[in-house]
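# Examining the three-dimensional arrangement
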Amino acid sequence: MTQLRATRLAIRGRVQGVGYRVWLAREAERRRLGGWVRNRADGSVEALVFAAPSELADFIAACRRGPPAASVTEVAVGEESLPASEGFDDFTVWPTA
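Anyway, here's the lowdown on the structure attached to this text.

About the cut-offs
Residues numbered from 1 in each chain as written. Predicted model: local features only at pLDDT ≥ 70, side-chain atom pairs only at ≥ 80, totals over all residues. Heavy atoms only, no water. Helix = DSSP H or I, 4+ residues; strand = E, 2+ residues; numbered from the N terminus. Buried < 20%, exposed > 50% of the residue type's maximum accessible area, 1.4 Å probe, protein only. Contact = heavy atoms within 4.5 Å. Pairing = 2+ DSSP bridges. Axes fitted to C-alpha atoms, helices over the stretch in contact; angles between N-to-C directions.

### Thoughts on the environment of Glu 55
Assignment of secondary structure puts Glu 55 in helix H2 (residues 53–65). Using a relative accessible area of 34% as the deciding quantity, one classes Glu 55 as partly exposed. For the pair Glu 55 and Arg 32, spaced 23 residues apart in sequence, the C-alpha separation works out to 9.9 Å. Apart from residues lying up to four places away in sequence, Glu 55 is in contact with Arg 31 and Leu 33.

See the structure below:
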């Protein structure tokens, strides 16, 4: 069984009002990753992704590109200390925080 890692992403740039959250959720679902994504009040997008290390680098690279209307300037990556049992089986779009 592959060990999942919880990774928090903070995505900055023109990432709100351009379909970024829905795009990110679709990318995660296509890759069969679990977690969630939401807009932040500061204009950024935040995501928590449960993925095997081998899947994570490619997903982060995709997040740096984003959907066509977005202009990503930064993707900050931070590892979370959550056990895999607290992971998500699907990917959800959460309300703005």
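Let us keep going from here.
### A look at the sheet that holds strand E4 (residues 71–79)
Read from one edge of the open sheet, five strands run E4-E1-E3-E2-E5, paired in mixed fashion. The open sheet terminates on both sides in strands that have one partner only, identified here as E4 and strand E5 (91–93). Adjacent strand axes in the sheet meet at a mean angle of 15 degrees, parallel and antiparallel pairs treated alike. Both strand E1 (residues 5–14) and strand E3 (residues 45–51) contribute to a ladder of seven bridges, which runs antiparallel. Each bridged residue has a counterpart across the sheet, and for Arg 5 the counterpart in E3 is Ala 51. Where helix H1 (residues 20–30) meets the sheet, its contacts fall on E1, strand E2 (34–39), E3, E4 and E5, and the angle it forms with E5 comes to roughly 170 degrees. Lying on the sheet, H2 is in contact with E1, E3 and E4; it crosses E4 at an angle near 155 degrees.

Taken by themselves, the reported measurements are silent on function.
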